[in-house]
Amino acid sequence: MSNKKLSGEVYYPSQETIDKANIKDWDELNKYAGDNYQKFWEERAEELHWFKKWDKVMDDSSKPFYKWFVNGKTNISYNCLDRHVKTYRRNKLALIWEGENGDSKTMSYYSLQRETCRFGNVLKSLGVKKGDRVTIYMGRIPEIIIAMLACARIGAIHSVVYGGFSVESLAERIEDSNSKVLIVADGAYQRGKIVPLKQIADEALQRCGTVEHVLVVKRTGQPINMEFGRDMWYNELINLPVVSKECSLEEMDAEDPLFILYTSGTTGKPKAILHTHGGYMVGTYTTLKYVFDIQEEDRYWCAADPGWITGHSYIVYAPLLTGATSFMYEGAPNFPYPNRWWSMIEKYGLNILYTAPTAIRGLMRFGESWVNRHDLSSLRLLGSVGEPINPEAWKWYHRVVGKEKCPIMDTWWQTETGMFMITPTPTVPLKPGSGTRPFPGIKMDVVDENGNPVKDNEEGFLVIKTPWPAMIRTVWKDEERYIQQYWSKYPGMYLTGDSVRRDEDGYYWIIGRVDDVIKVSGYRLGTAEIESALVSHSAVAEAAAIGLPHEVKGNAIYAYVILKAGKTSSPQLVEELRQHVSHEVGPIAKPEHVEIVESLPNTRSGKIMRRVLKAKALGQDPGNISTLEE
Ligand code: WT7
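Residues numbered from 1 in each chain as written. Predicted model: local features only at pLDDT ≥ 70, side-chain atom pairs only at ≥ 80, totals over all residues. Heavy atoms only, no water.

S.K.: What should I look at first to understand the packing of aromatic side chains in this one?
M.R.: Geometry of an aromatic ring pair is reported as the spacing of the ring centres plus the angle between the planes. If you walk through the whole model with that rule in mind, you get 37 aromatic pairs. Measuring from ring centre to ring centre gives 5.1 Å for Phe65 and Tyr482, while their planes differ by 45 degrees; the resulting arrangement is tilted. Within this pair, whereas Phe65 is found in the loop between β1 (56-59) and β2 (67-70), its partner Tyr482 is found in helix α17 (residues 479-487), the two being separated by 417 residues in sequence. The class of Phe65 is partly exposed, set by a relative accessible area of 21%. Ring geometry for Tyr162 against Phe165: centres 6.0 Å apart, planes inclined by 85 degrees, an arrangement best described as edge-to-face. Following the ring pairs from residue to residue traces out a cluster consisting of Phe65, Tyr66, Trp468, Tyr482, Tyr486, Trp487 and Tyr494. Over the aromatic face of Trp26 sits the side chain of Arg437, whose NZ or CZ is 4.0 Å from the ring centroid. (Phe/Tyr/Trp six-rings, centres within 6.5 Å; stacked < 30°, edge-to-face > 60°. Helix = DSSP H or I, 4+ residues; strand = E, 2+ residues; numbered from the N terminus. Buried < 20%, exposed > 50% of the residue type's maximum accessible area, 1.4 Å probe, protein only. Lys NZ or Arg CZ within 6 Å of the ring centre and 35° of its normal.)

S.K.: What should I look at first to understand the environment of Ile442 in this one?
M.R.: You can see Ile442 is positioned in the loop between β20 (408-411) and β21 (444-447). A sequence separation of 389 residues divides Ile442 from Lys53, and the C-alpha atoms of the two residues are 24 Å apart. With near-sequence residues (within four places) excluded, Ile442 lies in contact with Trp41, Met419, Met421, Ile464, Thr466 and Trp468. (Contact = heavy atoms within 4.5 Å.)

S.K.: Sorry, what's going on with the pairing of β21 here?
M.R.: Successive residues of a regular strand alternate their side chains across the two faces of the sheet. Residues Met444 and Val446 line one face of β21 and the alternating positions Asp445 and Val447 line the opposite face, and both faces are buried. Pairing between β21 and strand β22 (residues 459-464): four bridges, direction antiparallel. Bridge pairing in β22 links Val447 to Phe461. (Pairing = 2+ DSSP bridges.)

S.K.: Mind showing me how you'd approach helix α2 (residues 26-35) here?
M.R.: Residues spaced three or four apart along an α-helix point in a common direction, a consequence of the helix completing one turn every 3.6 residues. Listed as buried for α2 are Trp26, Leu29 and Ala33. Burial along α2 is one-sided: seen end-on, the buried residues are contained in an arc of 65 degrees. Across α2 from its buried face, at more than 90 degrees, point the exposed residues Glu28, Lys31 and Asp35. Among the structural elements, α3 (37-45) and α11 (277-291) are those in contact with the buried residues of α2. By the N-cap criterion, in which a side-chain oxygen at the helix start approaches the backbone nitrogen of a residue two or three places on, α2 is capped by Asp25, the distance to Asp27 being 3.2 Å. (Arc of directions from axis to C-beta. Polar contact = N/O pair within 3.5 Å; in protein donor to acceptor, adjacent residues only side chain to side chain.)

Here's what the structure looks like:
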């Protein structure tokens with residue numbers, strides 16, 4: 001960093017951090033990548049294995065359908081496993097896992113490769129082929145990683161559904177992706193209880209008709225229903241003597257789909273974001289290596305869930321691509337006591353912790369003494385993701401967890417971007433609450449309604465102006481929606497859906513979503529999903545959902561409901577409606593509060609004005625309401 005004095009409260013890196021860092025001079029790298037971003041990404045791609053080299057780094061001839069590493073042939077699963085197994089990393093730990101109930105397991109690169117191959121063969125024997133979709137619905141257990149890598153190896157497209165989603169969310173995603181195979185666990189441990197994943201899946205399967213085979217991983221062991229001819233135990237199949245540990249892989253085109261992942265958008269049903277083998281691999285690999293500064297001896301912990309993009313990119317793929325040792329924990333942070341996380345950092349000597357502001361705020365509430373009971377001196381770097389981190393939580397994280405010696409990597413990105421976009425690297429001076437600046441080679445801007453750049457410190461829409469390798473390729477089966485949602489407001493610029501302010505030092509300060517997406521505990525939910533769940537209840541005529549500020553969750557869901565004629569409001573009904581959303585969408589979507597109302601603020605065209613509801617709930621001026629129906 002140049003010697004320019006930065007404004008506001010700034011935390012500078014220590015000499016120790018600078019000495020260790022993969023990138024010592026961010027400015028130099030930024031200039032290099034900024035002058036020729038394609039060359040920068042090409043050089044990163046050369047660090048990985050390709051069966052055939054690309055003809056062209058990037059092709060924008062049919063934009064916004066960008067292509068990266070055109071005609072290159074690779075396989076991300078090969079790069080995650082086989083590439084290392086051929087080296088001294090063969091016996092290095094790829095994964096250290098601890099269950100909430102104290103079970104634990106470690107897997108070396110070789111054992112992870114062997115299991116992945118065996119499972120790849122099981123999938124092949126069930127007729128799964130390149131391009132087929134496979135839905136995965138599990139908790140945080142090693143098998144979720146094996147399942148994803150096995151799909152990638154044989155060229156199947158995985159669609160992971162987060163274990164915190166429920167019946168309708170799962171059914172909808174299976175149906176939309178047309179999956180023939182579902183991989184599920186019998187259950188998951190969460191805060192001492194069992195989440196009955198297989199039971200939820202059984203109910204979901206009654207609502208959709210595409211699945212032919214269900215593979216069940218035994219985790220919790222309670223009795224479950226196994227449907228003859230459809231359901232089989234993963235553990236039995238994978239251990240059959242006929243199942244070989246050699247599994248030939250598909251040489252994938254760089255642009256072949258790797259996975260789809262459903263996420264909430266502005267309107268309507270969740271949409272499936274499509275990522276590919278080549279660009280996604282290069283983008284996630286590079287960003288993890290530079291931002292979390294992965295060193296050979298590191299033990300890295302991303303405490304997210306594999307069911308979200310954070311887990312796809314930075315639990316499963318990028319750590320394995322960099323040859324790191326990852327830690328994964330199954331359960332709740334405060335189970336059985338609020339020191340669970342800290343005790344595991346001490347026990348396994350973890351060096352990097354990457355989590356969300358909501359988790360930090362949640363653990364902060366229990367007080368410092370729970371943290372101070374443990375030796376956290378192994379920690380070298382911390383990370384934050386999912387929503388803006390409030391300076392109070394940042395400082396607590398920095399002082400109490402990081403003992404003032406661990407820089408915090410506040411990474412801004414999205415399911416669609418696939419990789420970190422605004423983020424520091426360890427030597428960049430930090431300002432609590434800001435993700436600092438775009439990653440080298442990424443060009444972003446803050447613009448007004450008409451697409452013109454706004455002045456420093458003014459709020460505007462965050463846009464991305466150059467393509468990047470891990471970018472979304474399309475919305476699954478819906479190219480129109482891809483264009484409409486991301487590329488139509490401002491031609492040539494990718495619309496993020498976030499509002500932001502950039503200060504005089506070029507540091508970005510994310511304010512929040514400007515659409516109907518609500519971030520609850522860092523989870524991305526759409527008002528439409530919650531509303532459609534409410535309306536599916538027999539007593540409900542109309543519903544509106546909004547997010548209101550919440551001390552720990554960031555935002556909490558408030559729902560307003562108009563009942564059908566003849567239905568009467570009662571505390572029991574309100575509770576029933578909350579439960580109904582939890583059952584249909586998932587516990588993460590359960591409204592904090594449901595209010596029964598007589599009417600909702602509609603525009604003359606019948607659109608609910610959530611903005612007006614929100615202003616009213618916060619006691620603020622609703623602003624322009626000229627379009628409001630009388
Ligand atoms: C939205 C994307 C990709 C990570 C998990 C979330 C918000 C994400 C930050 C951050 C402020 C953040 C944005 C973004 N967001 N990271 N560091 N600071 N806001 O992925 O579920 O696709 O959500 O999360 O609003 O648009 P996602």
